[in-house]
Number of protein chains: 2
Amino acid sequence: MFEQLGLIGCGLMGGSFALALKRAKLVKRVVGYSKSPSTTERARQLGVIDVAAPSALLAVSGADLVLLAVPVAASEGTFKAIRHGIGAQTLVMDVGSTKGDVIAAARLGLQGKLGCFVPAHPIAGKELAGVEHAEASLFDGRQVVLTPIKPTLRSNVQRATQVWAGVGARVTTMTPEAHDSAFAAVSHLPHLLAFAFINGLTEQPEGAAFLELAGPGFRDFSRIAAADPTMWRDVLMANSEQVLRQSHAFRQALQQFESLMIKGDAQALEQAIAAASRSRAGWQLGSSTESDA
Amino acid sequence: MFEQLGLIGCGLMGGSFALALKRAKLVKRVVGYSKSPSTTERARQLGVIDVAAPSALLAVSGADLVLLAVPVAASEGTFKAIRHGIGAQTLVMDVGSTKGDVIAAARLGLQGKLGCFVPAHPIAGKELAGVEHAEASLFDGRQVVLTPIKPTLRSNVQRATQVWAGVGARVTTMTPEAHDSAFAAVSHLPHLLAFAFINGLTEQPEGAAFLELAGPGFRDFSRIAAADPTMWRDVLMANSEQVLRQSHAFRQALQQFESLMIKGDAQALEQAIAAASRSRAGWQLGSSTESDA
């Protein structure tokens, strides 16, 4: 049980974390701060936070648990702003989709207090941003990846694991490098492809007419293209090297399909589709743990 | 009300059409034929068809409604096989995802009886093939595109419209050429990209490990990669020219994103993502009719 959560960024992720902690009775008090005072006030009105703090530093003062749920690009400034409010017993986490850049920001911003920081990435979200869409169940059954670094105190990794398990998530630990290369493959690249697919479509003169004919396959394939532009700008910039590497692998696979179509090699084309179909049919969300199998 | 549906191909689509017609009380008797006798027999056992015919020709004899629900590549042979069973009052339809090639097959196969044929493409389906997954509600609220050609009797277009509306679908009419270019953009290309994405991923040494971390975004984006290899081989081969054209437009859009990432132009990258996000957020399944808006 934590005395006080200092929440920096009262949006969908931060707000859901606060609600999930409250639901699990893991926190007594949530003090929140958002860059926009109206967001902080809305979070208070909705009962997501108990107290609205006028600054990030004041939200953190007296907190034994701190969550940064701000755009990744704002991490360094936020770490700097809260450094002097962090006590020896404070556990600090983020929720960023990329870890290398957030860790670099933490090194610069937290300096001697880096031991308190456990980088975290909850694999959860929605297309709808904002505290209005926050919900206590957002992390239920979802994976959370922790990427501790050398200075991270082992006791804090343990506490972080307990907190996320306490709000219903399954916790995995890996290096920041392994995290960023894996998520370039399974998350960042699909977003990039979905963005490019939609723009490639709508830039055609008949784009709007085509869209009227789109069905359920299109709906699911392109859902992630509706994601938040600021967040995804940051993700693609922060992890550009790995994403470009994945995009290269993708383009090679696409090229293979195209040359089979051009050659009219129906048999090899069917084999290539069958390989993809088998791989995808054999995959299940959360299949890495027995509980979800 | 039809006297007899002659169903050629008792799989997911054909079976669902038979069940939907029965549910709507639009048919008295369904005579079915599949290439594999065990499929025909299973369809009979499941009550999808009433009588199992030993040949396509015998399934069609005496039918006033015929549905071809066979792999697109088998169309010409099927049309030839049933030609002599088609009467002056018979309405013949298919369910193919591509129309140019089915129409070419019909010209060769049906010859003088081409007036009876109304090419149809129901925008419905599942990843699970087979008559076991057939369901009467498969076409509820879904779009069906009819692509009549010059020889098609107007009265048959009218009857086809009534049948599909009767099983719950919304009917649109367009030229085969417009159909094939639109579906290359909104259906065939996404499938091609999803196949290439999965193969590009699984061909990497860490592919399996990456897949364990994949979340809901991956799940939806790649769902269509699990589609039926034979069917999609036929679709991509039959409509390869249009699909390659769409793939080219896609690769250009992807290239634009990549160069913004390489240049580090965060502002332009955000604008490109925002354009995609707005387009996708503004789209809704079935938004082309008021009833679904």
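Within an unreviewed UniProt entry, the label attached to chain A reads Prephenate dehydrogenase/arogenate dehydrogenase family protein, and the organism entered is Variovorax dokdonensis.

Quick word on the sheet that holds strand 7 (residues 120-122) of chain A
All names here are of chain A. The strand order across the open sheet built from three strands is 7-8-9, with neighbouring strands paired in mixed fashion. The strands lining the two open edges of the sheet, one partner per strand, are strand 7 and strand 9 (170-173). The mean angle between the axes of side-by-side strands here comes to 20 degrees, regardless of whether they run parallel or antiparallel. Sheet analysis places strand 7 next to strand 8 (residues 143-146), joined by three bridges and oriented antiparallel. From the neighbouring strand, H121 faces strand 8, where its bridge partner is V145. With respect to the sheet, helix 6 (residues 154-166) is in contact with strand 7, strand 8 and strand 9, its orientation differing from that of strand 8 by roughly 170 degrees.

Considerations on the sheet that holds strand 6 (residues 117-118) of chain B
All names here are of chain B. Here six strands make up an open sheet; going across it, the order is 3-2-1-4-5-6 and the pairing parallel. Lying at the two open borders of the sheet, with one neighbouring strand each, are strand 3 (51-52) and strand 6. Across four bridges, strand 4 (residues 65-68) lies against strand 5 (residues 91-94) in parallel orientation. When the sheet's bridge partners are listed, L67 is paired in strand 5 with M93. Across the face of the sheet, helix 1 (residues 12-23) comes into contact with strand 1 (2-8), strand 2 (27-33), strand 4 and strand 5 while running at roughly 165 degrees to strand 1. Of the strands in this sheet, strand 1, strand 4, strand 5 and strand 6 touch helix 6 (residues 154-166), which is tilted by about 60 degrees from strand 5.

Some words on the nonpolar core
Judged by nonpolar contacts, the single largest core of 83 residues is most densely connected at A:F197, A:F218, A:F250, B:F197, B:F218 and B:F250. When near neighbours in sequence (up to four residues on either side) are disregarded, A:F250 contacts A:L189, A:L193, B:L193, B:A196, B:F197, B:F250 and B:L254.

With respect to the pattern of salt bridges
Per the counting criterion, the structure on display carries 24 salt bridges over all chains. In this structure, A:R42 and A:E132 form a salt bridge, with 2.2 Å as the shortest nitrogen-oxygen distance. With A:R42 in helix 2 (residues 37-45) and A:E132 in the loop between strand 7 and strand 8, this residue pair connects regions lying 90 residues apart in the sequence. Note on A:E132: relative accessible area 43%, which makes it partly exposed. Among the salt bridges present, the one from B:E41 reaches B:R44, with a minimum N-O distance of 2.8 Å.

Points about the relation of the copies chain A and chain B
The transformation that overlays chain A on chain B combines an axial shift of 0.0 Å with a rotation of 180 degrees, and the residual RMSD is 0.0 Å. A rotation of that kind, with that shift, is consistent with a two-fold axis. Using C-alpha coordinates, one finds that chain A approaches the rotation axis most closely at A:F221, a distance of 2.0 Å. An overlap of 100% is found between the interface residues of chain A and their copies at the interface of chain B, pointing to a shared contact surface.

Some details on the interface of chain A and chain B
Taken together, the contacts link 83 residues of chain A with 83 residues of chain B. Roughly 7700 Å² is buried in total at the junction of chain A and chain B, and carbon and sulfur atoms are behind 70% of that figure. At the surface where chain A touches chain B, the tally comes to six salt bridges. Between B:R233 and A:E270 there is a salt bridge, with its nearest N and O atoms 2.6 Å apart. Of all the secondary structure elements, the ones that give two or more residues to the side of chain A that touches chain B are strand 8, helix 7 (176-202), helix 8 (207-211), helix 9 (216-222), helix 10 (229-238), helix 11 (240-263) and helix 12 (266-281) of chain A. Per element, the largest residue contribution to the side of chain A that touches chain B is 18 residues, and it comes from helix 7 of chain A. When grouped by side-chain class, the residues that make up the side of chain A that touches chain B number 51 nonpolar, 18 polar and 14 charged.

Quick notes on the rules
- Residues numbered from 1 in each chain as written.
- Chains lettered and ligands numbered in written order.
- Predicted model: local features only at pLDDT ≥ 70, side-chain atom pairs only at ≥ 80, totals over all residues.
- Heavy atoms only, no water.
- Pairing = 2+ DSSP bridges.
- Helix = DSSP H or I, 4+ residues; strand = E, 2+ residues; numbered from the N terminus.
- Axes fitted to C-alpha atoms, helices over the stretch in contact; angles between N-to-C directions.
- Contact = heavy atoms within 4.5 Å.
- Core = buried A, V, L, I, M, F, W, Y, C linked by side-chain atoms within 4.5 Å.
- Buried < 20%, exposed > 50% of the residue type's maximum accessible area, 1.4 Å probe, protein only.
- Salt bridge = Lys/Arg side-chain N within 4 Å of Asp/Glu carboxyl O.
- Least-squares fit on C-alpha atoms with pLDDT ≥ 70 in both.
- Buried area = accessible area lost by both parts, 1.4 Å probe.
- Nonpolar A, V, L, I, M, F, W, Y, C, P; charged D, E, K, R; others polar.

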